[in-house]
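Residues per chain are reported as follows:
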Amino acid sequence: MLKFIQKLPGGIMVVPMVIGAIINTFCPKIVQIGSFTTGLFSASAVSTLVGLIIFIIGTQIKLKEAPVALKRGGVLLGSKYVIGAFIGILVTKFFGIEGIFGISSLAILVALISTNSGLYMALVGTYGDSQDMAAQAVLNISDGPFLTLVTLGAAGLAQIPIMSLVAAIMPLIIGIILGNLDEDIRKLMAPGVGLVLPFAGFALGGTINFFDILKAGPTGFILAFIVLIISGTSAFLGDRFLNRRPGYAGMATATTAGNAIATPAAVALIDPSYQPYVVSATTQLAAVVIITAVITPMLTSYVAKKYGCPMIKQKECAEKVLSTVET
């Protein structure tokens, strides 16, 4: 079973996420019986598990590698954010908050600038290297409402929660400190990400309801493909030409985070003028989360095979060595 799952792009996280979504859609009370079951398998565990993954990643980063990881993550985040914020503001300027094609400007903005960092980790864990994994800490900034509020704040619509940024990177910083102070801690934590990812995927699935796709109607699919095309292309090009990398990491960001589903409600609390669009934006974003989580792994796999990636090169080298030995 595990070997089959590992053959699927991002399968170690995607498969548990789909199972979690199925349970949350049809029988959510199974994981709501309380105690350790609810604590580990419900949606409430997402932030804890993702925080743990970020901490573990931090323990594996050597200080001399940190600038590389920050550069890669900064380029990926910047590539998505700049184009996403530009389009979101442009739509608002010309069409107002109500947006276009039944998709509010808030939904467009949130969908384009957010990234499912958990799925990103699963994909670069399959195709990339340790610096790609570490870059996730930068991408984690886009998981919640922080960047949305920053963008709206620039227009005088919201206050910028600086502590949200601090909270997002603190587990990484603590991990880096401990991992560099003690080599044994780094070794202890080395296999941790692979162990935690399936649980994080399942918990994230607990935030997804498949019926939300039906509620969103065609607008959810339209927004999902806008994300795949615009976010995917911008991050891919940024990874290729700014990071000078194969591009698989950029394509792995062509998603919308599960946490983004709650962002419209958070924004409406600060600016009530968005309140009439919260319900539609929430259902559309839920559809985007599901659709991009299914399609992005396939696109990432295609890019990795077409342009190369560290893991494929390692596999090819191992096969050549084995062939030489057998000869």
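Just so it is clear, the structure is predicted and the values come from calculations on it, not from any experiment. (Residues numbered from 1 in each chain as written. Predicted model: local features only at pLDDT ≥ 70, side-chain atom pairs only at ≥ 80, totals over all residues. Heavy atoms only, no water.)

S.K.: What am I meant to see in the pattern of salt bridges here?
M.R.: Pairing between side chains of opposite charge can happen when the charged atoms of each approach one another. Tallied over the entire structure, the rule returns five salt bridges. For the salt bridge of Arg72 with Asp129, the shortest nitrogen-to-oxygen distance reads 2.9 Å. A residue pair is termed long-range when its members are at least 10 positions apart, and Arg72 in helix 5 (residues 66-95) and Asp129 in the loop between helix 7 (117-127) and helix 8 (130-134) qualify at 57 residues. Neither residue differs from the other here; Arg72 and Asp129 are each classed as buried. (Salt bridge = Lys/Arg side-chain N within 4 Å of Asp/Glu carboxyl O. Helix = DSSP H or I, 4+ residues; strand = E, 2+ residues; numbered from the N terminus. Buried < 20%, exposed > 50% of the residue type's maximum accessible area, 1.4 Å probe, protein only.)

S.K.: Before we go on, may I ask you to explain the confidence of the model for the chain in this structure?
M.R.: As a note on interpretation, predicted positions should not be read in detail where pLDDT is low. Across the chain, the average pLDDT comes to 81, with 88% of residues at or above 70. Across residues 317-327, where pLDDT falls below 50, the model places zero contacts with residues more than four positions away in sequence or in other chains. (pLDDT = per-residue confidence, 0-100. Contact = heavy atoms within 4.5 Å.)

S.K.: Please clarify how the environment of Val138 should be interpreted in this entry.
M.R.: Note on placement: Val138 falls in helix 9 (residues 136-139). Residues in contact with Val138, not counting those within four places in the same chain, are Leu70, Gly73, Gly74 and Leu77.

S.K.: Hey, could you run me through the environment of Tyr277 in this one?
M.R.: Note on placement: Tyr277 falls in the loop between helix 17 (263-270) and helix 18 (278-307). Here Tyr277 falls in the partly exposed class, since its relative accessible area comes to 22%. Note: C-alpha distance between Tyr277 and Ala265 (twelve residues apart in sequence) is 9.2 Å. Excluding anything up to four places from it in sequence, Tyr277 contacts Ile97, Glu98 and Ser104.

S.K.: When you look at the packing of helix 6 (residues 105-113) against helix 18 in this model, what are you seeing that I'm missing?
M.R.: Packed helix pairs are specified by the crossing angle of their axes together with the interaxial distance, meaning the distance between the axes. Interaxial distance between helix 6 and helix 18 falls to 9 Å at its minimum, and their mutual angle equals 30 degrees. Considering the angle they form, helix 6 stands roughly parallel to helix 18. For the pair helix 6 and helix 18, the crossing hand works out as right-handed. Every residue of helix 18 that contacts helix 6 at Ala107, Val110 and Ala111 is listed here: Ala281, Gln284 and Leu285. For the contact of helix 6 with helix 18, the per-class residue count stands at five nonpolar, one polar and no charged. (Axes fitted to C-alpha atoms, helices over the stretch in contact; angles between N-to-C directions. Parallel < 35°, antiparallel > 145°, perpendicular 65-115°, else oblique. Left-handed = near helix turned anticlockwise from the far one by under 90°. Nonpolar A, V, L, I, M, F, W, Y, C, P; charged D, E, K, R; others polar.)

S.K.: Explain the packing of aromatic side chains here, please?
M.R.: The way to describe two aromatic rings as a pair is by their centre distance and the angle between their planes. Per the stated rule, a full pass over the model turns up four aromatic pairs. Summarising the aromatic geometry, the rings of Phe41 and Phe199 are spaced 6.4 Å apart at their centres and angled 40 degrees between planes, so their arrangement reads as tilted. Within this pair, whereas Phe41 is found in helix 3 (residues 35-41), its partner Phe199 is found in helix 13 (residues 192-205), the two being separated by 158 residues in sequence. Judged by its relative accessible area of 30%, Phe41 falls in the partly exposed class. Between Phe41 and Phe202 the ring centres are 5.6 Å apart and the planes differ by 80 degrees, which places this aromatic pair in the edge-to-face class. Pair noted here: Phe41 is in helix 3 and Phe202 is in helix 13, with a separation of 161 residues, a long-range link. Counting every residue linked through ring pairs, the aromatic cluster contains Phe41, Phe199 and Phe202. (Phe/Tyr/Trp six-rings, centres within 6.5 Å; stacked < 30°, edge-to-face > 60°.)

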